[in-house]
Amino acid sequence: MDIKEKISEVVEKITKDKDLKEKFEKNPVKVIEEILGVDLPDDVVEKVIDGVKAKLTVDNISDV
């Protein structure tokens, strides 16, 4: 599994859907697994969550 690819996929979907972004902020594990359609091991989910949060932060800063 290419984690960078999955992070990009999740970020793209979250940035296009405000409700999904709010859900991600409340329960990131559930949203990641829902978007990807698989139950991932905890260590993989944490890497994806960290990557998505970092990418969203960078995108928000660049908007300012």
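Not measured: the values here are computed from a predicted model.

A. Quick look at the pattern of salt bridges. This structure, assessed with the given rule, holds 2 salt bridges. We note a salt bridge from Lys6 to Glu9, for which the minimum N-O separation is 3.9 Å. Taken together, the positions of Lys6 and Glu9, both in helix α1 (residues 3-16) and 3 residues apart, correspond to about one turn of that helix. Residue Glu12 is joined to Lys16 by a salt bridge in which the shortest nitrogen-to-oxygen separation is 3.2 Å. Residue Glu12 and its partner Lys16 are located together in helix α1, separated by 4 residues, close to a single helical turn.

B. Structural context of helix α3 (residues 28-36). Taken together, the buried positions of α3 are Pro28, Val31, Ile32, Ile35 and Leu36. Down the axis of α3, the buried set is contained in an arc of 120 degrees. They therefore lie on one face. Taken from the residues just after α3, Gly37 is the one with a positive phi, measuring 75 degrees.

C. Expanded view of the packing of α1 against α3. Closest axis-to-axis distance for the α1/α3 pair is 10 Å, and the angle between their directions is 100 degrees. The angle between α1 and α3 falls in the class roughly perpendicular. Along the contact surface, α1 presents Lys6, Glu9, Val10, Lys13 and Ile14, while α3 presents Ile32, Ile35 and Leu36. Residues belonging to the contact of α1 with α3 are distributed by class as follows: 5 nonpolar, no polar and 3 charged.

D. Spotlight on the environment of Ile14. Locating Ile14 in the fold gives a position in helix α1. Along the primary structure Ile14 and Ile32 are separated by 18 residues, whereas in three dimensions their C-alpha atoms are 9.8 Å apart.

E. Quick look at the packing of α1 against helix α2 (residues 18-26). Interhelical geometry of α1 versus α2 gives an angle of 120 degrees and a closest axis separation of 5 Å. Between α1 and α2, the crossing angle belongs to the class labelled oblique. Contact with α1, carried on its side by Lys13, Ile14 and Lys16, involves Lys18, Leu20, Lys21 and Phe24 of α2 and no other residues of that element. Tallied by class, residues from the contact of α1 with α2 come to 3 nonpolar, no polar and 4 charged.

Conventions and cut-offs
Residues numbered from 1 in each chain as written. Predicted model: local features only at pLDDT ≥ 70, side-chain atom pairs only at ≥ 80, totals over all residues. Heavy atoms only, no water. Salt bridge = Lys/Arg side-chain N within 4 Å of Asp/Glu carboxyl O. Helix = DSSP H or I, 4+ residues; strand = E, 2+ residues; numbered from the N terminus. Buried < 20%, exposed > 50% of the residue type's maximum accessible area, 1.4 Å probe, protein only. Arc of directions from axis to C-beta. Axes fitted to C-alpha atoms, helices over the stretch in contact; angles between N-to-C directions. Parallel < 35°, antiparallel > 145°, perpendicular 65-115°, else oblique. Contact = heavy atoms within 4.5 Å. Nonpolar A, V, L, I, M, F, W, Y, C, P; charged D, E, K, R; others polar.

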